[in-house]
Amino acid sequence: MTSDIASVSLPDGERIPKLGRGTWEMGEQPARRAAEIDALRCGIELGMTLIDTAEMYGNGATESLLGEALAGLRDQVFLVSKVYPHNASRRGVIAACEQSLKRLKTDRLDLYLLHWRGSVPLAETVAAFEALREAGKIRHWGVSNFDTDDMEELVAVPGGASCVTNQILYNVARRGPEFDLLPWLAGRKMPAMAYSPVDHARLPKRSPFDDIAGARGVSVFQVALAWVLQLPGVFAIPKAGRVEHVRDNHRALELRLEAEELAAIDGYFKPPRGKRAGNALSAALAAPVASMRTSTRTSTARVLNCSCDACAPSPAPRLRLACA
Ligand SMILES: NC(=O)c1ccc[n+]([C@@H]2O[C@H](COP(=O)([O-])OP(=O)(O)OC[C@H]3O[C@@H](n4cnc5c(N)ncnc54)[C@H](OP(=O)(O)O)[C@@H]3O)[C@@H](O)[C@H]2O)c1
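Since the structure is predicted, the reported quantities are computational estimates derived from the model, not experimental observations.

## With respect to the overall build of the protein
Step number 1: When you go through the protein residue by residue, the secondary structure sums to twelve helices and nine strands.
Step number 2: Looking at the protein as a whole, 48% of its 324 residues are labelled buried.

Below, the structure written as structure tokens:
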């Protein structure tokens, strides 16, 4: 399912595209429908065949749009959807999945995620995912917006270690997961799915991205995506509802940022200093991220120095603040 595009491995060795697609906010405006379908199909042609959606998006309208866009193309796609936490009971997951399959006009999902953690015990949700897997309705399952302690709890429940990914907010302006979540996932050979990889088009103006983009003759979006994609074990799902944006994002796969460019980015978008003030990063966890970026810039300093929003102490769990 990877065509000729760069790929990452799921824990079972299956290869999936490193650059996929998001769909949040698609299918909500009738006037945009045709352009969005064109954009989705263009991405598939270019090999961006991993597509993420959710029952939540447009209250099902996004899955319905995708069902239409995928007519005749379903087998080329690695299709991901997400279940609401309030549907995460044993019976609720199965019913929600059936509804998603119906809207998506398919008989199976390649990956089904718990959108964020709610009040249903994890063991119950995992049992439902496993039942769906045995029935052939889903091929893999995973989670979203789980922090490291949630992941620890998850893998401790029966069947929990079969989780294949955690979909998380990760981009150059939201580097919190570098502190201990990305190392934890890497240690389990579980790739991280980076959502909002271009920060929902809110990247700051006049950052080093502008200089790099100008010097390279590329867009800031390509620089932002290249930065995310350059980290092994991370794949990204930018949403683009316009063909020109899809083509622009696809070209990020050709861009390799040099050590001095990465250092300039680090100087502006600081890597995390800690999870909470006073928290220490164990050397065992720091080591994997330190060696993850294949450039000279990475060191434990990247993991330990942070002033980004995602790392600011907050009364609410950080990763659950931006669920969409
Ligand atoms: N699990 C979760 O809780 C969660 C949360 C958020 C997102 N997600 C998933 O992750 C996906 C991506 O995140 P996101 O949609 O929040 O943000 P994103 O992908 O970072 O940004 C999307 C925005 O950037 C614009 N854009 C993308 N590429 C562009 C380019 N090359 N040039 C100019 N503009 C460009 C898009 O515009 P156009 O649409 O006009 O092209 C859109 O407005 C979502 O769609 C969803 O599938 C999951």
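Next comes the rest of the account.
## Some thoughts on helix 9 (residues 243-250)
Step number 1: When we look at burial in helix 9, the residues that qualify are Val246, Asn249 and His250. Along the axis of helix 9, the buried positions cluster into a sector of 100°, meaning they face one direction only.
Step number 2: Packed against the buried residues of helix 9 are helix 1 (33-45) and helix 8 (220-229).

## Describing the packing of helix 1 against helix 2 (residues 61-69)
Step number 1: Contact pair helix 1 / helix 2: the axes reach a minimum separation of 10 Å and the direction vectors enclose 60°. On the basis of their axis angle, the class for helix 1 and helix 2 is oblique. As for how helix 1 packs across helix 2, the hand of that crossing is right-handed. Residues Arg33, Glu36, Ile37, Leu40 and Arg41 of helix 1 lie in contact with helix 2, whose contacting residues are Leu65, Leu66, Glu68 and Ala69.
Step number 2: Residue classes in the contact of helix 1 with helix 2 are distributed as five nonpolar, no polar and four charged.

## Observations concerning the site of the ligand
Step number 1: The environment of the ligand is formed by 29 residues, the closest being Gly22, Trp24, Tyr195, Lys239 and Gly241.
Step number 2: Among the elements that make up the shell around the ligand, the one with the highest residue count is helix 9 (three residues).
Step number 3: Here the shell around the ligand is built from residues that sort into twelve nonpolar, twelve polar and five charged.

## Structural notes on the pairing of strand 6 (residues 141-144)
Step number 1: Residues Trp141 and Val143 of strand 6 are buried on one face, and the alternating residues Gly142 and Ser144, pointing to the opposite face, are buried as well.
Step number 2: Looking at chain direction, strand 5 (residues 111-114) and strand 6 are connected through three bridges and run parallel. Residue pairing for strand 6: Leu113 is matched across the bridge by Gly142.
Step number 3: Traced from strand 5 through helix 4 (residues 122-134) to strand 6, the parallel crossover comes out right-handed.
Step number 4: Relative to strand 7 (residues 166-169), strand 6 is paired through two bridges, and the arrangement is parallel. Its bridge partner being in strand 7, Val143 is matched across the sheet by Asn166.
Step number 5: Regarding topology, helix 5 (residues 148-156) serves as the crossover connection from strand 6 to the parallel strand 7, and that connection is right-handed.

## Points about the sheet that holds strand 7
Step number 1: Ordered in space as 3-4-5-6-7-8-9, the seven strands form an open sheet in which the pairing is parallel. Each end of this open sheet is capped by a strand with a single partner; those strands are strand 3 (50-52) and strand 9 (234-236). Neighbour to neighbour, the strand axes of the sheet diverge by 30° on average, direction disregarded.
Step number 2: Along the sheet face, helix 3 (residues 90-104) touches strand 4 (78-83) and strand 5 and points at about 135° away from the line of strand 4.

## A look at the nonpolar core
Step number 1: Counting 83 residues, the largest nonpolar core has Tyr112, Ala194, Ala224, Leu225, Val228 and Ala236 as its most contacted members.
Step number 2: The dominant element in this core, judged by the number of residues it contributes, is helix 8, at nine residues.

## With respect to the environment of Phe209
Step number 1: Mapped onto the secondary structure, Phe209 falls in helix 7 (residues 208-216).
Step number 2: Measuring from C-alpha to C-alpha, the distance between Phe209 and Tyr268 comes to 9.6 Å, with 59 residues separating the pair along the chain.
Step number 3: Ignoring anything within four residues of it in the chain, the contact list for Phe209 reads Leu203, Val220, Val223 and Ala224.

Rules behind the numbers
- Residues numbered from 1 in each chain as written.
- Predicted model: local features only at pLDDT ≥ 70, side-chain atom pairs only at ≥ 80, totals over all residues.
- Helix = DSSP H or I, 4+ residues; strand = E, 2+ residues; numbered from the N terminus.
- Buried ≥ 20, exposed ≤ 12 C-beta atoms within 10 Å, placed from the backbone.
- Arc of directions from axis to C-beta.
- Contact = placed C-beta atoms within 7 Å.
- Axes fitted to C-alpha atoms, helices over the stretch in contact; angles between N-to-C directions.
- Parallel < 35°, antiparallel > 145°, perpendicular 65-115°, else oblique.
- Left-handed = near helix turned anticlockwise from the far one by under 90°.
- Nonpolar A, V, L, I, M, F, W, Y, C, P; charged D, E, K, R; others polar.
- Near = placed C-beta within 6 Å.
- Pairing = 2+ DSSP bridges.
- Right-handed = clockwise from strand over helix to strand, strands pointing away.
- Core = buried A, V, L, I, M, F, W, Y, C linked by C-beta atoms within 7 Å.

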